[in-house]
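# Analysis of the macromolecular model
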Amino acid sequence: MSAHLAPIPELYVSHDSALKLKAAAAELKSHDLTRRQTCDLDLLMNGGFHPLKGFLTEADYDGVVDDMRLADGTLWPMPVTLDVSPEFAESLTLGEDIALRDQEGVILATMTVTDRWTPDKHREALGVFGADDMAHAGVNYLHNKAGKVYLGGPVTGLQPPVHYDFRGRRDTPNELRAFFRKMGWQRIVGFQTRNPLHRAHQELTFRAAREAQANLLIHPVVGMTRPGDVDHFTRVRCYEAVLPKYPAATTHLSLLNLAMRMGGPREALWHAIIRRNHGLTHFIIGRDHAGPGKNSQGENFYGPYDAQNLVKKHQDEIGITVVPFRQMVYVQEKAQYFPEDEVPEGATVLNISGTELRRRLREGLEIPDWFSFPEVVEQLRKTSPERSRQGFTVFFTGLSGSGKSTIANALMVKLMELGGRPVTLLDGDVVRKHLSSELGFSREHRDINIRRIGYVASEITKNGGIALCAPIAPYAATRREVREMIEDHGAFIEVHVATSLEECERRDRKGLYKLAREGKIKEFTGISDPYEVPESPELRVDTENVDVDSCAHQVLLKLEGMGLIRA
Ligand code: PPS
């Protein structure tokens, strides 16, 4: 049997041992895994991350960050760390076993904690991603989502995470290796993707398989990809729609539960190692593999072919051959795709970027047949209806008495007059009565209140409705959090109702400013509590010189300009 198809070590114990260990693990301190950690654990346990035997120790982590190597010298470019809160980390003694639970509380594994340290995240960002810039999704996750302390140590696998979706299309490395053995496939080229497959991808994969004289594994990532990507449910339906266009005897589709970091060249190297573990002999690396987009200066983080070059340098050591590809473009005169460096002279080159595709979907414009398959476009249109049929949230923020609710009410009536989508008003006072009646006005309580509003608004937006929110929402960080929650599902329009404190106090409709000045109401926004003015809201309205009706109309015009409503 070829070495690349022999079974690979997993971290699972036998079924009987797992049952016993699980019963004992219920007594252990336990950590609830994040989504990313669940993906990482899945691949640790099933051998996708071979030769790792657990979450990185401090010495391995240092080596990976600085030189892409574990302490024993093995090539490993990406930190796979168990990040936790300082409180949880401090509650542990080194050498202690902990239970690792999924989001429903099911124990998936135990881990012996051999290492605990507070990483220098600035150093990690620079070492792993080449920049400490929040515009990079991996860096943003590192600073804003990952816990402050890392735990390291060997993992004992008890059961894989349960997947309810596309079960038949998910394969562990050993399942894939067994499949290749059964089919007699010796040479297999893998194609990694986090996007729907269009004609250019199909052409690229055909050519790669031909060049490598290999069978083809379409191996899309369905764990976590770049925020804003097409969700994996839609993508898998797209892949399934394209699959019949491939020769069945030499093509296979399998889903990979990887949490990507968008780390460009280092990530490409990591992908190659993971694919080697899944039994592949060849791996396609195209333009800007695992690219994170532009940095905060508007420049690319990595060169378009840096990833190819890095993986080529290490391909022998990994044991997989890179099949490098240039960007594929459509040549109109030939009615055919070509790598960009092989385009016949003087020919007309057509291309539609990801941004342009999203614009066309958003605005309900044509997507030509030379670009994609009608079956794929149909799936994409189902998930991304044009903007005027999507849900959205208008989030008013401003001081108490600034006029948020009044404008929001006027806007609600105007939107209802237009019709087409249900409109819900989440007014500050109303929310505090129904959703947040137990909360006060400390920073902590205000944040909880705003997150609740954000959650409800995101559900409304997801379901195609219009949410109008009108809380004070004094903190920029919490407003940003809500924006992120909602932008997963539709547009978020922040409207700063910029009435000055003096004017709000002069109006003092509810008599609260007077009480606040007298010290009878504590922590009153603008008087004894902060209000962080939004720096770049979608719209700022001035209620001091403009009447309510005109303010609401300004919002309506903004929505029209964004393609969200058709007046
Ligand atoms: S927050 O900060 O966004 O959670 O506030 P919010 O939920 O919008 O609630 C604001 C309304 O509560 C009344 N109120 C106070 N506001 C600010 N600070 C203090 N301490 C306070 N105590 C009561 C006030 O009437 C706000 O209503 P609006 O509609 O904004 O005037």
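Residues numbered from 1 in each chain as written. Predicted model: local features only at pLDDT ≥ 70, side-chain atom pairs only at ≥ 80, totals over all residues. Heavy atoms only, no water.

### Observations regarding the overall build of the chain
For the chain, the count of helices and strands is 20 helices and 20 strands. The C-alpha radius of gyration computed for the chain amounts to 27 Å, which stays within 12% of the reference 24 Å derived for 567 residues, consistent with globular compactness. Taking the principal axes of the C-alpha coordinates as reference, the chain spans close to 85 × 70 × 40 Å. Split by element, the accessible area of the chain, about 25300 Å² in all, is 50% carbon and sulfur. Both charge centroids of the chain, one from 70 positive and one from 77 negative side chains, sit 3 Å from each other. (Helix = DSSP H or I, 4+ residues; strand = E, 2+ residues; numbered from the N terminus. Rg over C-alpha atoms; globule rule 2.2 N^0.38 Å. Areas by Shrake-Rupley, 256 points an atom, 1.4 Å probe, with all protein chains shown as cover. Lys, Arg positive; Asp, Glu negative; His and termini not counted. Charge placed at Lys NZ, Arg CZ, Asp CG, Glu CD.)

### Details of the sheet that holds strand β11 (residues 282-285)
Read across the open sheet, the five strands follow the order β10-β9-β8-β11-β12; overall the sheet is parallel. In this open sheet, the two strands that pair with only one neighbour each are β10 (251-253) and β12 (321-324). Recorded for the sheet is a direction-independent mean angle of 25 degrees between the axes of neighbouring strands. The sheet contact formed by strand β8 (residues 188-193) and strand β9 (residues 215-220) spans six bridges and is parallel. Directly across from Q192, in β9, lies its bridge partner H219. Sheet strands touched by helix α7 (residues 173-183): β8, β9 and β10. Its angle to β9, the strand with the most contacts, is close to 160 degrees. (Pairing = 2+ DSSP bridges. Axes fitted to C-alpha atoms, helices over the stretch in contact; angles between N-to-C directions. Contact = heavy atoms within 4.5 Å.)

### Digging into the environment of G440
Along the polypeptide, G440 turns up in the loop between α15 (428-434) and α16 (443-462). Given a relative accessible area of 25%, G440 falls into the partly exposed group. As a C-alpha pair, G440 and L158 span 282 residues in sequence and 44 Å in three-dimensional space. Ignoring anything within four residues of it in the chain, the contact list for G440 reads R432, H445 and R446. (Buried < 20%, exposed > 50% of the residue type's maximum accessible area, 1.4 Å probe, protein only.)

### Some words on the nonpolar core
Ranked by size, the top nonpolar core spans 70 residues in total, and within it F49, L100 and L151 carry the most contacts. When residues of this core are assigned to their parent elements, the largest contribution, six residues, is made by helix α10 (residues 264-277). Each of domain 1 (3-157) and domain 2 (167-329) accounts for three or more of the residues forming this core. Residues L216, I218, V222 and I352 belong to the second largest nonpolar core, which totals 35 residues. (Core = buried A, V, L, I, M, F, W, Y, C linked by side-chain atoms within 4.5 Å. Domains from an automatic or database assignment.)

### Observations concerning the side chain of R479
You can see R479 is positioned in helix α17 (residues 476-487). Of note is the side chain of R479, whose polar atom sits 2.7 Å from the backbone oxygen of A473. A distance of 2.8 Å separates a polar atom in the side chain of R479 from the backbone oxygen of E532. The residues contacting R479, other than those within four sequence positions of it, are F395, T397, A473, P474, F492, E494, Y531, E532, V533 and P534. (Polar contact = N/O pair within 3.5 Å; in protein donor to acceptor, adjacent residues only side chain to side chain.)

### Considering α7
Regarding α7, the residues found buried are P173, N174, L176, R177 and F180. Each buried residue of α7 lies within a common arc of 160 degrees when the element is viewed along its axis, so the set occupies one face. Of the surrounding elements, those touching the buried residues of α7 are β8, β9, β10 and α10. (Arc of directions from axis to C-beta.)

### Remarks on the domain arrangement of the chain
A common measure of how large an interface is: the accessible area buried when the components associate. Here the chain is described as being made up of domain 1 (3-157), domain 2 (167-329) and domain 3 (387-561). Inter-centroid distance (C-alpha atoms) of domain 2 to domain 3 is 44 Å.

### Focus: the environment of A71
Structurally, A71 can be placed in the loop between α3 (58-67) and β3 (82-84). Judged by relative accessible area, A71 falls into the exposed class, the value being 57%. C-alpha of A71 to C-alpha of E58: the two residues are 13 residues apart in sequence and 9.3 Å apart in space. When residues no more than four places from it in sequence are discounted, the contact partners of A71 are A59 and D60.

### Overview of the pattern of salt bridges
Within this structure, the stated rule accounts for 32 salt bridges. For E96, the salt bridge identified is with K29, shortest N-O distance 3.1 Å. With a gap of 67 residues between them, E96 in the loop between α4 (86-90) and β4 (97-101) and K29 in strand β1 (residues 29-32) connect regions that are remote in the sequence. In this structure K29 comes out as partly exposed when scored by relative accessible area, which is 35%. Through salt bridges with shared partners, a single network forms among R479, R483, E487, E494 and E538. (Salt bridge = Lys/Arg side-chain N within 4 Å of Asp/Glu carboxyl O.)

### Some details on the environment of L43
Here L43 is to be found in helix α2 (residues 35-45). Sequence-wise, L43 and N257 are 214 residues apart; in three dimensions their C-alpha atoms are separated by 7.4 Å.

### Thoughts on the site of the ligand
Taken together, 21 residues surround the ligand, and among them S400, R432, R446, N449 and E523 come closest. In this structure, an oxygen atom belonging to the ligand sits 2.9 Å away from a side-chain N or O atom of K404. Contact distances for the ligand include 2.8 Å between an oxygen atom and a backbone N or O atom of A473. Coverage of the ligand by the protein chains reaches 93% of its 630 Å² of free accessible surface. In the shell around the ligand, the residues fall into nine nonpolar, five polar and seven charged. (Near = heavy atom within 4 Å. Nonpolar A, V, L, I, M, F, W, Y, C, P; charged D, E, K, R; others polar.)

### Looking at the sheet that holds strand β15 (residues 349-350)
Reading across the sheet, the three strands line up as β14-β13-β15 and stay open at both edges, with antiparallel pairing between neighbours. The outermost strands of the open sheet, each flanked by one partner alone, are β14 (336-339) and β15. Of the strand pairs in this sheet, strand β13 (residues 328-331) and β14 are connected by four bridges, and their pairing is antiparallel. In the sheet register, V329 faces β14, and the bridge partner there is F338.

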